[in-house]
Amino acid sequence: MINGIFWDNRAPAFFSKADMRRADFRIRVIADITCDLAPISSIPSTLKASSIADPVFGYDPFSETECAPYQQHCIDMMTIDNLPNELPRDASTAFGSMFIHRILPEFFNDESHVLERATIAEEGHLTARYTYLQGYVEGNIS
């Protein structure tokens, strides 16, 4: 189960601790991105925020306590409270790596036209390739 919604404590939880002990409770892994800590939460097994370095802990529904993850009797919990911040970080790292390997060398390649094609404006004017944007520059198109 992936829980990533805004939850208000006036709404009921998705399930109870008692539900989690039932034989027909089939959820074995929960990624609680909202990370609202129990008991005021939509997921009663979110006991704590986990971390990027140590993302998963187990929840034993019978003792209602944290346990080691990846065991038959427990539910694996991933509750990284700053997980949404990791996506931009990963994207920035990937972009930086691609820029260094693919674009930076173009600054030193006199025969390349990559930078020329990517230049939108030069010396205060649109380049020939981007003259279709002139209406936006003049404020005539919004």
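The preceding data block contains the structure.
Residues numbered from 1 in each chain as written. Predicted model: local features only at pLDDT ≥ 70, side-chain atom pairs only at ≥ 80, totals over all residues. Heavy atoms only, no water.

Draft legend 1. Spatial organisation of the sheet that holds strand S4 (residues 65-67). If you trace the 5 strands from one edge of the open sheet to the other, you get S1-S2-S5-S3-S4, paired in mixed fashion. In this open sheet, the two edge strands, each paired with only one partner strand, are strand S1 (2-3) and S4. (Pairing = 2+ DSSP bridges. Helix = DSSP H or I, 4+ residues; strand = E, 2+ residues; numbered from the N terminus.)

Draft legend 2. Quick look at the pattern of salt bridges. What the rule picks out here adds up to 5 salt bridges. Salt-bridge contacts for Glu64 lead to Arg21; the nearest nitrogen and oxygen are separated by 2.6 Å. Here Arg21 lies in helix H1 (residues 17-21) and Glu64 lies in the loop between strand S3 (56-60) and S4, a separation of 43 residues in the sequence. The exposure class assigned to Arg21 is partly exposed, which follows from its relative accessible area of 32%. In this structure, Lys48 and Glu66 form a salt bridge, with 3.0 Å as the shortest nitrogen-oxygen distance. Pair noted here: Lys48 is in the loop between strand S2 (29-32) and S3 and Glu66 is in strand S4, with a separation of 18 residues, a long-range link. (Salt bridge = Lys/Arg side-chain N within 4 Å of Asp/Glu carboxyl O. Buried < 20%, exposed > 50% of the residue type's maximum accessible area, 1.4 Å probe, protein only.)

Draft legend 3. Structural context of the pairing of strand S5 (residues 75-78). Side chains Ile75 and Met77 project from S5 onto one buried face, and the interleaved Asp76 and Met78 project onto a second face that is buried too. With 3 bridges connecting them, S2 and S5 associate as parallel partners. Note on S5: the bridge partner recorded for Ile30 is Met77.

Draft legend 4. The arrangement of unusual backbone geometry in detail. Across the junction of Ala38 and Pro39, the peptide omega takes the value 15°, indicating a cis bond. Note that Pro39 resides in the loop between S2 and S3. A positive phi angle, near 55°, is found at Glu64, a position not held by glycine. Residue Glu64 is classed as partly exposed on the basis of its relative accessible area of 31%. Backbone geometry places Tyr70, a non-glycine residue, at a positive phi of 65°.

Draft legend 5. Inspection of the nonpolar core at higher detail. Phe15, Met20, Phe25, Ile30, Ile43, Phe57, Tyr59, Ile75 and Met77 form the largest nonpolar core, which has 9 residues in total. When residues of this core are traced back to their parent elements, those giving at least two are S3 and S5. Apart from the residues lying within four places of it in its own chain, the contact partners of Ile43 are Met1, Asn3, Phe14, Phe15, Ile30, Asp32, Ala38 and Met77. (Core = buried A, V, L, I, M, F, W, Y, C linked by side-chain atoms within 4.5 Å. Contact = heavy atoms within 4.5 Å.)

Draft legend 6. Looking closely at the environment of Ala18. Within the secondary structure layout, Ala18 lies in helix H1. For the pair Ala18 and Glu64, spaced 46 residues apart in the sequence, the C-alpha separation amounts to 9.7 Å.

Draft legend 7. Region of the structure containing a nonpolar patch on the surface. A contiguous nonpolar patch, built from Phe95, Phe99, Ile100, Leu104, Phe107 and Phe108 and spanning about 670 Å² of accessible area, is present on the exposed surface. Mapping Phe99 onto the fold places it in helix H2 (residues 83-103). (Patch = residues over 30% accessible without salt bridge, like charges linked within 9 Å, V, L, I, M, F, W, Y side chains within 5 Å. Areas by Shrake-Rupley, 256 points an atom, 1.4 Å probe, with all protein chains shown as cover.)

Draft legend 8. Expanded view of the side chain of Ser42. With respect to the helices and strands, Ser42 occurs in the loop between S2 and S3. At a separation of 3.0 Å, a polar atom in the side chain of Ser42 contacts the side chain of Asn3. (Polar contact = N/O pair within 3.5 Å; in protein donor to acceptor, adjacent residues only side chain to side chain.)

Draft legend 9. Spotlight on the pairing of S3. Counting buried residues in S3 gives 5 out of 5 residues, a clear majority hidden from the surface. Of the two faces of S3, the one carrying Val56, Gly58 and Asp60 and the one carrying Phe57 and Tyr59 are both buried. Taken together, the 3 bridges between S3 and S4 define a ladder with antiparallel strand orientation. For Gly58, the partnering residue across the bridge sits in S4 and is Cys67. Between the end of S3 and the start of S4, which pair antiparallel, lie 4 residues, with Glu64 showing a positive phi angle near 55°.

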